[in-house]
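A structural walkthrough
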Amino acid sequence: MDDRIRDVVVLGGGSAGWLVAGLLAAEHGDSLRITLVESTDVPTIGVGEGTWPSMRDTLRRIGLSEPEFIRRCQVSFKQGSRFDGWARGAAGDAGDRYYHPFMLPAGWGEADLVPAWLATQPDRPFADVVSPSVQVCEAGCAPKQVQTPAYGAVANYAYHFDAGLFGEMLREHAVRQLGVRHVVDHVDAVLSHDHGERAGDLAALRTRAHGDLAADLFIDCSGLRARLIGEHFGVPLKSEREVLFNDAALAVQVPYARPDAPLATCTIATAWAQGWCWDIGLPHRRGVGCVFSRAHASEDEAQAALQAYLDATGAPAERPTPRLIRYDPGYRRQFWVRNCLAIGLSSGFIEPLEASALALVELAAQRLCDELPMTPASMAAVARRYNDDFAYRWARVIDFLKLHYALTQRDDSAYWRAHRDPTTWPQRLRELLPQWRLRPPARHDFGRIDEVFPAASYQYVLYGMGFRPDTQPLPDAKLAAARACFDDAARQARRFVPGLPGHRALIDHIQRAAS
Ligand SMILES: Cc1cc2nc3c(=O)[nH]c(=O)nc-3n(C[C@H](O)[C@H](O)[C@H](O)COP(=O)(O)OP(=O)(O)OC[C@H]3O[C@@H](n4cnc5c(N)ncnc54)[C@H](O)[C@@H]3O)c2cc1C
């Protein structure tokens, strides 16, 4: 008998639930019956508005039209992140600012860029020497032209969007176009098989008004409460509180002072004494938040920091009350248990820096699609490999996030001093940083396929934070090859800046053309 998995129930209708349901339905809709259940009693988290370039491919695979997405979800283009005040605590000073752009350095993997940069123009920021992105972002340019095809790019880009509108659009598409069954109801109880080969596996979710939702496979996208993986299976979080201290955020949405105000084309992350503030520019408003560690700062101090940031960045004086979100930084010891896979906040959350959460959702959903078709008997082996791979990925995310803090020279608070203390660094970072004193981060440091952050990202952050390796002088031929790459990046910048439309102008154009 064919016992392939046929029925999948996704618990949760936040960004994670709808991305997973949408991708599964788009890629396996002919062989799977997919039901998504969400409760009106449990709101979605409502934040999570910065993404990675991988989102372009995910949305394309789900079958969404990019112009329609841009029009409906208040989308802006994101070309990377900008970090203000992280190295020295001088947020207003352009010398304490760096970019982590999405574009790889020109000549990446072919030329010895780092020693050549240090030998020829050490006073210019690394990212500016090797990529046109910094100049494109500073000039407020869009990453593509009006005539660039949907999902195509001139400069690599991701999106900022309104999380609530994004969920609505994904839901509508998944239900109307892809045949996902949508149940709006609260799950009150979880039923397990009690005998036979599948004893202990999940059998069904009991809802208040729609009876029992039975399935072969359950995806737990129930958010921070982790209804299945945490509450039912009791899988604990591996806490990362000793490494990355932040465990709360205040989030607020503020209008622009003028409707035609410049529209940032990167996420701006500004450090303060006990954490940092994010600033995401959407066409119609900004999403701003203050991330902090409750062990180091009170909610009042975080409120004051957020208000000071809003004042400094010209937000109108009348503002809504920020919403406090508390969380435990960490990730599950297992993500896939029996016939239940946790994706999204239920699987863990560290902090919003570098917007890795939705990227991990995409990777998880993609992996699930790749592993299908599957039978109940083959699931344990699939789950074991998934758990190994995703534990590796979470650990690399933690290394990379910690890098942003570990290299600071800030000495203005216990928070930053603790981040500088190597005893709070992950083991792998403690091992790699001394090596990176002698040579740049390289591909072999990140040996797996689908590494979450490539060596180039480490270079942007390391050198942006002022880290300077003791590299050996290059022979003339290698120096010339690297210089040619710098010339390429400069040529691209000279072409892109006058040739690309303004960011807001392009968004306005797409919105008008699509309406
Ligand atoms: C402060 C902050 C900032 C962030 N910024 C970013 C960012 O910039 N970029 C990024 O990639 N990520 C970010 N994230 C993470 C991002 O918000 C989440 O990864 C993303 O929104 C996915 O959330 P989710 O779908 O897992 O959970 P949620 O949005 O919380 O959805 C949970 C769903 O489960 C349902 N549910 C729960 N219990 C039940 C029940 N018993 N019965 C029925 N339904 C139930 C709810 O109704 C809801 O639909 C941020 C997170 C935080 C906290």
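Notes on the structure follow. Every chain's residues receive numbers from 1 upward, in the order its sequence appears when written. Since the coordinates come from a predicted model, pLDDT governs what is reported: local features require at least 70, and pairs of side-chain atoms require 80 or more to be given and counted, while whole-chain, interface and lining totals use all residues.

Glancing now at unusual backbone geometry. At Glu-354, a residue that is not glycine, the phi angle is positive and equals roughly 70 degrees. Mapped onto the secondary structure, Glu-354 falls in the loop between strand E21 (348-349) and helix H10 (356-371). The backbone of Ala-355 sits at a positive phi, close to 45 degrees, despite the residue not being glycine. Residue placement: Ala-355 occurs in the loop between E21 and H10. Residue Ala-355 is classed as buried on the basis of its C-beta count, with 21 C-beta atoms lying within 10 Å. What counts as a helix is a DSSP run of H or I of at least four residues, what counts as a strand is a run of E of at least two, and both are numbered from the N terminus. To sort residues by burial, count the other C-beta atoms lying within 10 Å of each one's C-beta; a count of 20 or more means buried, 12 or fewer means exposed, and anything in between means partly exposed. C-beta atoms are built from the backbone.

A separate point is H10. Expected span of a helix: the number of residues minus one, times 1.5 Å. Helix length check: H10 (16 residues) gives 22 Å between terminal C-alpha atoms against 22 Å at 1.5 Å per residue, within 8%. The complete set of buried residues in H10 reads Ser-356, Ala-357, Leu-358, Ala-359, Leu-360, Val-361, Glu-362, Leu-363, Ala-364, Ala-365 and Leu-368. Contact criterion: two residues are in contact if their C-beta atoms, reconstructed from the backbone, are within 7 Å. Where H10 is buried, its residues meet helix H1 (15-28), helix H2 (54-62), strand E20 (340-342), E21 and helix H11 (379-406).

So, about the pairing of strand E2 (residues 33-38). At least two bridges found by DSSP between two strands are what make those strands a pair. Note that strand E1 (residues 7-11) and E2 share five bridges and pair parallel. Across the sheet, Asp-7 pairs through a bridge with Arg-33, a residue of E2. Sheet topology places E2 next to strand E7 (residues 181-184); four bridges connect them, and they run parallel. When the bridges of E7 are listed, Glu-38 appears paired with Val-184.

With that settled, the discussion passes to the site of the ligand. Whether a residue is near a molecule or strand depends on its C-beta atom, placed from the backbone, lying within 6 Å of it. Surrounding the ligand, one finds 38 residues, the nearest of these being Gly-12, Gly-14, Gly-48, Gly-223 and Gly-344. Looking at the shell around the ligand, the elements that each hand over two or more residues are H1, E2, strand E13 (248-254) and H10. With three residues, the top contributor of residues to the shell around the ligand is H1. Here the nonpolar group is Ala, Val, Leu, Ile, Met, Phe, Trp, Tyr, Cys and Pro; Asp, Glu, Lys and Arg are the charged ones; every other residue, Gly included, is treated as polar. A class-by-class count of the residues in the shell around the ligand yields 18 nonpolar, 16 polar and four charged.

Further remarks concern the nonpolar core. Core analysis: the biggest nonpolar cluster contains 159 residues, and Val-10, Leu-11, Val-20, Ala-21, Val-130, Cys-290 and Ile-343 have the highest contact counts within it. Among the elements that make up this core, the one with the highest residue count is H11 (11 residues). Once you skip the residues sitting within four places of it in the chain, Ala-21 turns out to touch Val-10, Ile-34, Leu-36, Ala-174 and Val-180. Think of a nonpolar core as buried Ala, Val, Leu, Ile, Met, Phe, Trp, Tyr and Cys residues, each tied to the set through C-beta atoms within 7 Å.

So, about the environment of Ala-455. Structurally, Ala-455 can be placed in helix H14 (residues 455-464). Leaving out residues up to four positions away in the same chain, Ala-455 has contacts with Pro-441, Ala-442, Arg-443, Asp-445 and Phe-446.

The strand order across the open sheet built from six strands is E7-E2-E1-E11-E20-E19, with neighbouring strands paired in mixed fashion. Strands with a single pairing partner mark the edges of an open sheet, and in this sheet they are E7 and strand E19 (336-337).

Our next topic: the sheet that holds strand E4 (residues 80-84). With mixed pairing, the seven strands of this open sheet are ordered in space as E5-E4-E14-E15-E16-E13-E17. Edge positions in the open sheet fall to strand E5 (97-101) and strand E17 (323-326), since each of these has one partner strand only. Recorded for the sheet is a direction-independent mean angle of 20 degrees between the axes of neighbouring strands. Pairing analysis gives five bridges linking E4 to E5, with the strands arranged antiparallel. Looking at the pairing, Asp-84 lines up with Arg-97 of E5. Of the strands in this sheet, E13, strand E14 (267-272), strand E15 (275-281), strand E16 (286-292) and E17 touch helix H9 (residues 299-312), which is tilted by about 145 degrees from E16. To obtain an axis, a line is fitted to C-alpha atoms, over the contacting stretch when the element is a helix, and the angle between two such axes runs from 0 to 180 degrees between their N-to-C directions.

With that out of the way, let us pick up the packing of helix H4 (residues 113-120) against helix H15 (residues 476-499). Where H4 contacts H15, the two axes come as close as 9 Å, and the packing angle between them is 85 degrees. The pairing of H4 with H15 is recorded here as roughly perpendicular in orientation. Contact with H4, carried on its side by Leu-113, Ala-116, Ala-119 and Thr-120, involves Leu-479, Ala-482, Arg-483 and Cys-485 of H15 and no other residues of that element. Among the residues making up the contact of H4 with H15, the classes are represented as six nonpolar, one polar and one charged. Throughout, the term roughly parallel applies to angles under 35 degrees, roughly antiparallel to angles over 145, roughly perpendicular to angles from 65 to 115, and oblique to all others.

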